[in-house]
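The lines below spell out each chain.
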Amino acid sequence: MIKIMQYGEGNFLRSFADLYFETLNQEQGGYEVHIVTPIPGNLTRFVAQNNRYHVILRGVDAGEVVERPYEVNVLKQVIDPFKDPESYYALARDPELKIIVSNTTEAGICYHGEDRMDDFSSMTYPAKLTLFLYERFKAGLDGVNLMPVELIDNNADELSACVSKYIDLWKLPEEFRRWNEERNFYSNTLVDRIVSGYPRDEQTRQHMWDLLDEQDELMSVAEPFGLWVVERKGALEQYIKEGRHNIDVVLTDDVGPYKKRKVRLLNGSHTNLVPAGLMLGAETVYDCMQDETLSSFVKNTLDEEIIPFVPGSEQFAADVQERFRNPYLDHQLTSIALNSISKWRARVLPSFKDNYAKNGVIPKWLTIGFSYLMALYARVEEGENGYFAKLPTRTIQVMDDKPYLEHFAGGGSIEAFMSDADIWGENLTAYEGLLKSVLTNVEKINAGECLL
């Protein structure tokens, strides 16, 4: 049996990694996924359905409009480590565990020097992982293959570096450090599939249930396209099979070119579009692409400010825009907006910097996108159950790192936020003309003017 510890129970991993392992199970058997929840959660739906659910792939595949349901039975258990730490550490001591997959968003792979070994509830994912791996080391077992899918550059290298820092912080044995460095294999990865998740509107939800001929509270909707690029390390080829297995899987010595293309064109376009779409009244990516102004914004940004710095990406850019126009994907802008600040830094800032370095001026379309982002966050207010922003057409919940939300809810300025190198990795106001342009643009947005 090949067991996988999956850190995260969200729609993406269940519609991507779990569907892949389910496909391998049907082809050859021998896979089990054990989910660990990153925060205390309500597992009622998983219990009620015995961890069984469906993924429906909807969209255009090879020119054909499709709606394909897949039943997923690969989930063995879903563990809440906050309530059931013994099951968490029992998994660490399982010799059949071979793979760890995680998706904690761009903000999840980080190091906090104040984390304590005896305070599991407040520590970061890499800290929790360090405890998990230490338990495995103490059990005298071999290491595992770690395949984080967070959308940051060199995601596995960053995760490994964080684990090393926690070994230092907690003064763990040098023997454990050597075991971690020599027996665990951290593979950088790239993932690509647009997942809209559980249908929010009743009509679509009922249509899916009719398609399945049952009511599934865990079902998730995604596009047919799927790509998983994984850095080849250790004995990975024994467990991860290349080729088409519902998604296309590529094992390579260099994930970099694949990642740059995907993060900048697809994810960067998403992140640059979402604040403008929200402020202009759109609810989904499809809504944006049906709007001539917003779809032109996407195309102009790609053509003028992203494609020139990603060689050979023209066809991928065309594919991205076609995927955005998938009428079946209810890809909510509010879902994409989760952790927008770290996403902008990881997905958009590199293109912004390339443009500035080459041309000596701030790029027009990326600056407009960032202006809409600042206009959105400047409207954040603290409510009874979180943080919210009042938009021209509706009020939305804004979910991001609490210090960011507290800054704006407490009346903090855009200038102070842009100049904070801890947030962006640098002082954004150092780019000539950026601060002035953003402040002017935000005034226009607040006055009801469209910048596009």
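Source: prediction; values computed, not measured. (Residues numbered from 1 in each chain as written. Predicted model: local features only at pLDDT ≥ 70, side-chain atom pairs only at ≥ 80, totals over all residues. Heavy atoms only, no water.)

Asks: What's the story with the overall build of the protein in this structure? I'm lost.
Replies: The secondary structure content of the protein amounts to 20 helices and 17 strands. Since a compact globule built from 452 residues should have a radius of gyration of about 22 Å, the 22 Å found for the protein is in line with a globular shape. Seen through its principal axes, the protein has C-alpha atoms that stretch 60 × 55 × 50 Å. Here the protein holds 452 residues, and the buried ones make up 55% of them. Taking the contacts inside the protein whose residues are at least 6 apart along the sequence as the reference set, 74% of them involve residues at least 24 apart. Approximately 18900 Å² of the protein is accessible, and the part contributed by carbon and sulfur atoms is 45%. Put simply, the protein has 46 plus and 70 minus side-chain charges, and the middle of one group is 2 Å from the middle of the other. (Helix = DSSP H or I, 4+ residues; strand = E, 2+ residues; numbered from the N terminus. Rg over C-alpha atoms; globule rule 2.2 N^0.38 Å. Buried < 20%, exposed > 50% of the residue type's maximum accessible area, 1.4 Å probe, protein only. Contact = heavy atoms within 4.5 Å. Areas by Shrake-Rupley, 256 points an atom, 1.4 Å probe, with all protein chains shown as cover. Lys, Arg positive; Asp, Glu negative; His and termini not counted. Charge placed at Lys NZ, Arg CZ, Asp CG, Glu CD.)

Asks: Would you take a moment to explain a negative patch on the surface for this structure?
Replies: A contiguous patch of negative charge, built from E283, D287, D291 and E292, is present on the exposed surface. Among the secondary structure elements, E292 is positioned in helix α11 (residues 292-306). Its relative accessible area of 66% is what places E292 among the exposed residues. (Patch = residues over 30% accessible without salt bridge, like charges linked within 9 Å, V, L, I, M, F, W, Y side chains within 5 Å. Salt bridge = Lys/Arg side-chain N within 4 Å of Asp/Glu carboxyl O.)

Asks: Is there a simple way to explain the sheet that holds strand β12 (residues 227-231) in this structure?
Replies: Strand pairing within a sheet occurs via backbone hydrogen bonds; the two strands may be parallel or antiparallel. Strand order across the open sheet formed by four strands is β9-β12-β14-β13, with mixed pairing between neighbours. Of all strands in the sheet, those bounded by a partner on one side alone are β9 (189-192) and β13 (243-245). Each neighbouring strand pair of the sheet contributes to a mean axis angle of 20°, computed without reference to strand direction. With three bridges joining them, β13 and strand β14 (residues 247-252) adopt antiparallel strand pairing. Each residue of the ladder has a partner; that of R244, found in β14, is D248. Together, β9, β12 and β14 form the strand contacts of helix α9 (residues 256-279), whose direction differs from that of β9 by roughly 40°. (Pairing = 2+ DSSP bridges. Axes fitted to C-alpha atoms, helices over the stretch in contact; angles between N-to-C directions.)

Asks: How should the environment of I414 be read in this particular structure?
Replies: For I414, the position within the fold is in helix α18 (residues 414-418). On the basis of relative accessibility, which here comes to 11%, the residue I414 falls in the buried class.

Asks: Before we go on, may I ask you to explain the state of the cysteines in this structure?
Replies: Two cysteines form a disulfide when their sulfur atoms are joined by a covalent bond. Counting across every chain of the model gives zero disulfides. Considering cysteine sulfurs only, C162 is the nearest to C110, which forms no disulfide, with 6.6 Å between them. C110 gets classed as partly exposed once you look at its relative accessible area, which sits at 22%. (Disulfide = S-S within 2.5 Å.)

Asks: Any chance you could explain the sheet that holds strand β11 (residues 220-222) here in plain terms?
Replies: The sheet built from four strands is open, its strands ordered β4-β3-β11-β10 with mixed pairing. Among the strands making up the open sheet, the edge pair consists of β4 (64-72) and β10 (195-197). Neighbour to neighbour, the strand axes of the sheet diverge by 20° on average, direction disregarded. Of the pairings in the sheet, the one linking strand β3 (residues 53-61) to β4 comprises nine bridges and is antiparallel in character. Counterpart to V55 in the pairing with β4 is Y70.

Asks: Would you explain unusual backbone geometry in this entry?
Replies: Peptide bonds are trans in most cases, and residues, glycine excluded, mostly fall at negative phi. Here N51, not a glycine, exhibits a phi torsion of approximately 65°, which is positive. Structurally, the position occupied by N51 is in the loop between α3 (44-48) and β3. The backbone of K171 shows a phi angle near 55°, a positive value even though the residue is not glycine. Here K171 lies in the loop between α6 (155-169) and α7 (174-183).

Asks: Just to check I follow, could you spell out the layout of surface pockets for this structure?
Replies: Put simply, the second largest pocket is a space of about 410 Å³. If you go around the second largest pocket, you meet 20 residues; those closest to its centre are V60, E223, F225, D319 and R323. Looking at the lining of the second largest pocket, the elements with two or more residues in it are β3 and α12 (314-324). With five residues, the single largest contributor to the lining of the second largest pocket is α12. (1 Å grid on protein atoms, 1.4 Å probe; cavity = no way out; pocket = protein on both sides within 12 Å on 5 of 7 lines; lining within 4 Å. Points joined across faces, edges and corners; volume = space filled by probe spheres on them.)

Asks: In this structure, what is going on with the packing of helix α4 (residues 85-92) against helix α5 (residues 125-138)? I would like to understand it.
Replies: When two helices pack together, you describe them by how their axes are tilted relative to each other and by the distance separating the axes. Where α4 meets α5, the axes come as close as 8 Å, and the angle between the chain directions of the two elements is 55°. For the element pair α4 / α5, the angle class is oblique. Helix-helix and strand crossings are classified by hand; for α4 and α5 the assignment is right-handed. Between α4, through Y88, Y89, L91 and A92, and α5, the contact on the second element is made entirely by K128, L129, L131, F132, E135 and R136. (Parallel < 35°, antiparallel > 145°, perpendicular 65-115°, else oblique. Left-handed = near helix turned anticlockwise from the far one by under 90°.)

Asks: Sorry, what's going on with the nonpolar core here?
Replies: Side chains of nonpolar character tend, in soluble globular proteins, to be buried together. Formed by 72 residues in total, the largest nonpolar core has its most connected members in I341, F370, M374, M418, W424 and L428. Of the residues forming this core, the biggest block, 10 residues, is contributed by helix α16 (residues 364-377). Those residues in contact with I341 that sit more than four places away from it in its chain are L373, M374, Y377, D400, Y404, F417, I423 and W424. Judged by nonpolar contacts, the second largest core, of 38 residues, contains L19, L43, V72 and V149. (Core = buried A, V, L, I, M, F, W, Y, C linked by side-chain atoms within 4.5 Å.)

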